Each structure stands twice: as structure tokens, then as C-alpha cells.
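Report on the structure
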Amino acid sequence: MDLFSRSWTALRTAVAELPAEDFTRPSGCTGWLVRDLVSHLIIDAQDVLITLVTPADTEPTRTAVTYWNVAETPPTGDDPLDALTVRLAAAYEDPSLLQFHLDDVGSAAGRAAELADPALRVGTQDEVLTAGDYLSAYVLEWTLHHLDLIAHLPDAAEPPAESLARSRKLLEEIAGAAFPLSFSDQDALLVGTGRRAPTEAQQADLAALGHLAPQLPLVLG
């Protein structure tokens, strides 16, 4: 629960510190500018709020690991929901309005997470998780999107080291295999999810493991 708060606070702070001109730069998400990604984060924050006030009375069907569905192909940016996100972002016009809305809704989501009982069962997407597992899954979401945010912004703050480490571990649990020790946590997340191609040396390290390389990239949804 604490790591959820730290990773989410770091991401919102990074957005709050962006100058207006950075919102029209590309993000690490295919087809999205930085402003589109921030619009998506607002929707994510709303999802967190909705889920935490949607209690369930049945046994959990998913964990922080099985919460994620692994797709066969990377997103193209042409999905209707992705297109809607782009239109919503453009409607703000002034980047400061995006920053304000994310801070407003995002702060509420952060407070709701701090108040949630980790053992509470909650429902989302026709599945049931404990609040603790749900929020743990979102550490990976926040960390990946933090990397997406700063993909072309070299001066922006990086995700917290503990968020990167936890997200790497979760990605390895999803894959059922560990990344080579030569990979930094950030490399494991970027290469593992197809956000960046491995270098020749990294490709050789992956090939030496044998069992992980054929699974990559892990396209999470």
C-alpha cells in the first residue's frame, strides 16, 4: 500500500513539474503525446476510485500477478478507447487544466488507497481482488507510465528506485522467469514490455537464458 502511494505521488509530481511545451512531445506509448498519456492517467485515477468503493463478497479471482492479461500484439494506438483518450486530451487545450485535473482526481485516489483495508475484496472488470493486490498491481501501472512519460524528456524525474525494483519483480512473476542480472530494473521493464528493443549484448544475455526470450515482449493489458 505504501509503495502504491510513493509510485503514484512520484508520477503525479513529475506531471505537475512539466513545462507546457512538454505536453506536445511524444510519450513512450505508441501514438500518444505526453498530454494523451496524462489524460489516460486521469482515467486510471477514476478507475482506482471506482474500484475501491466497489466491494465484493466472493472469493478473489485474481492476484496482483494474474490481474494482468498478456496480449499477443503491441497496441497500435488505433483502439477506440485510445482514440477517445486523445480527443479528451486535446479538449483541455491548456496543459495546466490537465495538470489540475490529474492533481485533483489523483490526490483523491491516493487518499482512498491510504484509507483502504488491504484485505477488502473489490470488484473490477468482472474480477475480484483484495484491495492490497489491486493496488500492488497498480505499482507496475504507475511505474511503466512514469517511464512512458519521461521517454523523450531527459530532464524529468525518474520513478523511485523501489518502484522500479518491485515492478521488475512483478513482471518476472508474470513471465514466470527472471531477467538477466545484467539488466537494470529500468531495462527489464522497457525491454520486457516491448517499449525498447534490447541491445546486442542484452539480446545475447536473454538468449543464454533460453526460456525467457521467446515470451518477449510481454504486452500487458
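Residues numbered from 1 in each chain as written. Predicted model: local features only at pLDDT ≥ 70, side-chain atom pairs only at ≥ 80, totals over all residues. Heavy atoms only, no water.

**Details of the layout of surface pockets**
Threshold: The distinction between a cavity and a pocket rests on a 1 Å grid over the protein atoms alone: a 1.4 Å probe fits inside a cavity but cannot get out, while a pocket stays open yet meets protein on both sides within 12 Å along at least five of seven lines, and a residue with an atom within 4 Å of a point counts as lining. Grid points are joined across faces, edges and corners, and a volume is the space filled by probe spheres set on the points. A run of H or I in DSSP counts as a helix once it spans at least four residues, and a run of E counts as a strand once it spans at least two, with each numbered from the N terminus. Charged means Asp, Glu, Lys or Arg here, nonpolar means Ala, Val, Leu, Ile, Met, Phe, Trp, Tyr, Cys or Pro, and polar covers whatever is left, Gly included.
Of the pockets and cavities examined, the largest pocket occupies roughly 1,400 Å³. In terms of lining, the largest pocket is formed by 48 residues, of which the most central are H40, E141, H145, R195 and L220. Counting only elements with at least two residues in the lining of the largest pocket, the list comes to α2 (34-52), α3 (80-92), β2 (121-124), α5 (131-149), α7 (185-192) and β4 (219-220). Top element by residues in the lining of the largest pocket is α5. It accounts for 7 residues. Looking at side-chain class alone, the lining of the largest pocket contains 23 nonpolar, 16 polar and 9 charged residues. Approximately 160 Å³ is the volume found for the second largest pocket.

**Examining a nonpolar patch on the surface**
Going by this rule: Without a salt bridge and with relative accessible area above 30%, a residue can belong to a patch; like charges are then joined within 9 Å and nonpolar side chains (Val, Leu, Ile, Met, Phe, Trp, Tyr) within 5 Å. For accessible areas, the Shrake-Rupley method is used with a probe of radius 1.4 Å. Any residue's cover is judged against the shown protein chains and nothing else. Salt bridges are defined by distance alone: a side-chain nitrogen of Lys or Arg within 4 Å of a carboxyl oxygen of Asp or Glu. Burial here depends on accessible area, computed with a 1.4 Å probe over protein chains only, as a share of the maximum for the residue type. Under 20% is buried, over 50% is exposed, and the range in between is partly exposed.
On the surface, a nonpolar cluster with roughly 250 Å² of combined accessible area is contributed by L81, L84 and L88. By relative accessible area, which is 38% here, L88 ends up partly exposed.

Interpretation note: all reported values are geometric properties and have no functional meaning in isolation.
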